[in-house]
Every structure is written in C-alpha cells, then in structure tokens.
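Examination of the molecular architecture
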Amino acid sequence: MEPAPPRNGQNGQAAPPPRIAVRNLDMAFGGFVVQRDVSFTVRRGEIFVIMGDSGCGKSTMLKHMIGLIRPARGDVLYDGESFWGGSAGGDGTDHRMAISRRFGVLFQSGALWSSMTLAENVALPMTLYTDLDAREVAEMVALKLALVGLRGFEEYYPSEISGGMRKRAGLARAMALDPDILFLDEPSAGLDPLSSRRLDDLILELRDNLGSTVVIVTHELASIFAIADDAVFLDAESRTAIAHGNPRDLIDHAESPKVREFLHRGEMAATPV
Ligand SMILES: Nc1ncnc2c1ncn2[C@@H]1O[C@H](COP(=O)(O)OP(=O)(O)OP(=O)(O)O)[C@@H](O)[C@H]1O
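As the structure is a computational prediction, the values presented were derived from the model and not from experiment.

1. Focus: the overall build of the protein chain
Within the protein chain one finds 9 helices and 10 strands. Taken across its 273 residues, the protein chain has 36% of its residues classed as buried. Counting contacts in the protein chain only where the partners sit at least 6 residues apart, residues at least 24 apart contribute 63% of the total.

2. Some words on the packing of helix 5 (residues 163–174) against helix 6 (residues 193–210)
As a packed pair, helix 5 and helix 6 sit with axes 9 Å apart at the nearest point and diverge in direction by 20 degrees. Taken together, the axis directions place helix 5 and helix 6 in an arrangement best described as roughly parallel. Helix 5 and helix 6 meet at a crossing whose hand is right-handed. Between helix 5 and helix 6, the contacting residues are Gly-163, Gly-164, Lys-167, Arg-168 and Leu-171 on the first element and Ser-195, Arg-198, Leu-199 and Leu-202 on the second. For the contact of helix 5 with helix 6, the per-class residue count stands at 3 nonpolar, 3 polar and 3 charged.

3. Overview of helix 5
For helix 5, built from 12 residues, the straight-helix expectation of 16 Å at 1.5 Å per residue is met to within 8% by its first-to-last C-alpha distance of 16 Å. Those residues of helix 5 that fall on the buried side of the exposure criterion are Gly-164, Arg-166, Lys-167, Arg-168, Ala-169, Gly-170, Leu-171, Ala-172, Arg-173 and Ala-174. Contacts from the buried residues of helix 5 go to strand 6 (103–106), helix 3 (118–129), helix 4 (134–147), strand 7 (181–185) and helix 6.

4. Details of the site of the ligand
Near the ligand the following residues occur: Phe-29, Val-34, Gly-52, Ser-54, Gly-55, Cys-56, Gly-57, Lys-58, Ser-59, Thr-60 and His-219. For the shell around the ligand, the element with the most residues is helix 1 (residues 58–66), which contributes 3 residues. Residues that form the shell around the ligand fall into these classes: 3 nonpolar, 7 polar and 1 charged.

5. A look at the confidence of the model for the protein chain
In this model, the protein chain carries an average pLDDT of 88, and 89% of its residues clear a pLDDT of 70 or more. Scored as a complex, the prediction yields pTM 0.88 and ipTM 0.97.

6. Focus on the packing of helix 3 against helix 4
Viewed as axis vectors pointing N to C, helix 3 and helix 4 meet at an angle of 120 degrees, and their least axial separation amounts to 9 Å. Classified by the angle their axes make, helix 3 and helix 4 are oblique. With respect to the hand of their crossing, helix 3 and helix 4 are arranged in right-handed fashion. In this structure, helix 3 uses Leu-118, Ala-119, Val-122, Ala-123, Met-126 and Thr-127 to contact helix 4, whose residues at the interface are Val-137, Met-140, Val-141, Lys-144 and Leu-145. Here the residues of the contact of helix 3 with helix 4 sort into 9 nonpolar, 1 polar and 1 charged.

7. Focus: the sheet that holds strand 5 (residues 81–82)
As summarised here, the arrangement of the 4 strands in space is 2-1-4-5, forming an open sheet in which the pairing is antiparallel. Each edge of the open sheet is held by one strand with a lone partner, namely strand 2 (32–42) and strand 5. The sheet contact formed by strand 4 (residues 73–78) and strand 5 spans 2 bridges and is antiparallel. Looking at strand 5, one finds that Leu-77 is bridged to Ser-82.

Rules behind the numbers
Residues numbered from 1 in each chain as written. Predicted model: local features only at pLDDT ≥ 70, side-chain atom pairs only at ≥ 80, totals over all residues. Helix = DSSP H or I, 4+ residues; strand = E, 2+ residues; numbered from the N terminus. Buried ≥ 20, exposed ≤ 12 C-beta atoms within 10 Å, placed from the backbone. Contact = placed C-beta atoms within 7 Å. Axes fitted to C-alpha atoms, helices over the stretch in contact; angles between N-to-C directions. Parallel < 35°, antiparallel > 145°, perpendicular 65-115°, else oblique. Left-handed = near helix turned anticlockwise from the far one by under 90°. Nonpolar A, V, L, I, M, F, W, Y, C, P; charged D, E, K, R; others polar. Expected span 1.5 Å × (residues − 1). Near = placed C-beta within 6 Å. pLDDT = per-residue confidence, 0-100. Pairing = 2+ DSSP bridges.

Encoded structure:
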C-alpha cells in the first residue's frame, strides 16, 4: 500500500513543501571538500541561521543556495522545485534565474556603490529589472529607505553615513525587488553591539511585517539568540552538519558537546577566571 501523504493535522490537507530544502549537499572546491551530505529545511516566514566556527563553510553554503556555486552533489529545492537539477533543457541558467528573482541578497561586504547616493544604490536593481518609470522608482526608493529607518538620507553617499546605516541601506537595496527570501551574510559584522541589536530588531520587523523568509549567516551569539527560529550548525572538523534546531533548545540539548559549547561561549567569556 502507498504511504499516506503528510498531513498537517488541522484541516486534513497535505502539508506544503518547505520553502527551502537543502538535500544531501556536498560542497567542494576542486578536491577540497568543505562540507558533505548536508540536509536541512527552512519553513516559510522563519528566520533561519547558518552557524558554525570560522571557515566551516557558512558563506559557501549561502552561495550554493543562491546559485553562485554549483553543488558537487545534492540539490536545493524551493517550494519543492529543484534549483540545480530541475531545468527543462539548456544549462538551467534561465530556470535558476527565474527562481532567484525572488531572492534579495546582502553580501558580507555589504558593498554599496561608493560613487552613488543611497537612493541611486537602491534604485539600481529597480531600473535594471523592472518597468517602473523614474517617478515610480523614486517613490519605491523612498519607501524602502523609510522601511530601514533612512528616510531623508536619499542623497547621502555611503562614505557620509555610519557603518550601521550602510548595513541598513544594503538591506534596503536587497529588498528593492520585494523578494520573498532574504539571504544575509554576516549582516552585523563590524558593527558595535548597539547597531548590531538595531539591525536584529529591523530584521525581525521586516519578517513580521512583510512575511519574508530570512536565511542568515552569522556567528554572533547575541544575534543568533535574538532572531533565530531555527538553525543548522556546520562543523569544520567532521565537515558536515552536526545540529539542526532552535538555538535556544540546542544550547542545552544538542547532542554534540561542541554545539553546546559554541552556544554557551558568551557565558564562558563572561565568567571571571
Ligand atoms: N573560492 C574558493 N576557492 C577555494 N576555497 C575556498 C573558496 N571560498 C572559500 N573557500 C574555502 O572554503 C572554506 C569555507 O569558507 P567559507 O568562507 O564558506 O567559511 P565561513 O564559515 O563562511 O567562514 P567565516 O566565518 O570565517 O566567514 C574555507 O576553508 C575557505 O578557505
């Protein structure tokens, strides 16, 4: 007999596929294997953190998820649809382009174009990828900058604002095309604790107000506990994922002592010797 499809238990309908499913992913640069056989899922509307020690492959994972690096093995599925394997003809570039149109990305450097004002930076993806006219673009830009608390800074250049403001402007640009998945690589790197907390609050607000799904690479404990609904821990030593769950549960209940230590390290740093 065929197994019954999964049910959500509420109205008897089959549960929808996860927003993102990473399946048996091997990541390698030539013969150098960064991670192998990594699988995890991200539900719609959640904030999902990719965590782990420096060099374990967090940024590389993000690049596989957004289409910049092809997996050595495995796949990433969006709403059940294969990203790397599921193209009808061609090399799949068009298929991946179509899926990735729904992504907004803030890279680690957060690089804004230094010769452009904040408004021009946020406008760029709109002029490249939409049919909006100049007035509509200006309206949308003002809206996006207001959303990240930068109303009135349209004509400023990146060099004229603080690091925290630059990150927020980068976030506004990542949201220019109303993505439904935001990928953020170390968004609070280089920020002081207060700016970092403001950025966390902003990410929570955007998720709550816009319903975006957010995937974040970070090793900042404060951020992890403040915003993560779910997380995966990539281990540099065994080169695979060794924990998957809410960091608030993992801190005391992760099977691996390494994961528990990683999540407890803030307390250890605060303990007098
Ligand atoms: N383009 C590349 N070519 C070869 N090796 C690479 C490349 N990019 C990254 N690596 C290697 O892959 C491993 C994972 O790098 P990655 O930047 O993904 O780690 P990370 O967990 O994001 O680190 P960090 O927290 O320090 O930013 C590292 O050993 C790195 O040197």
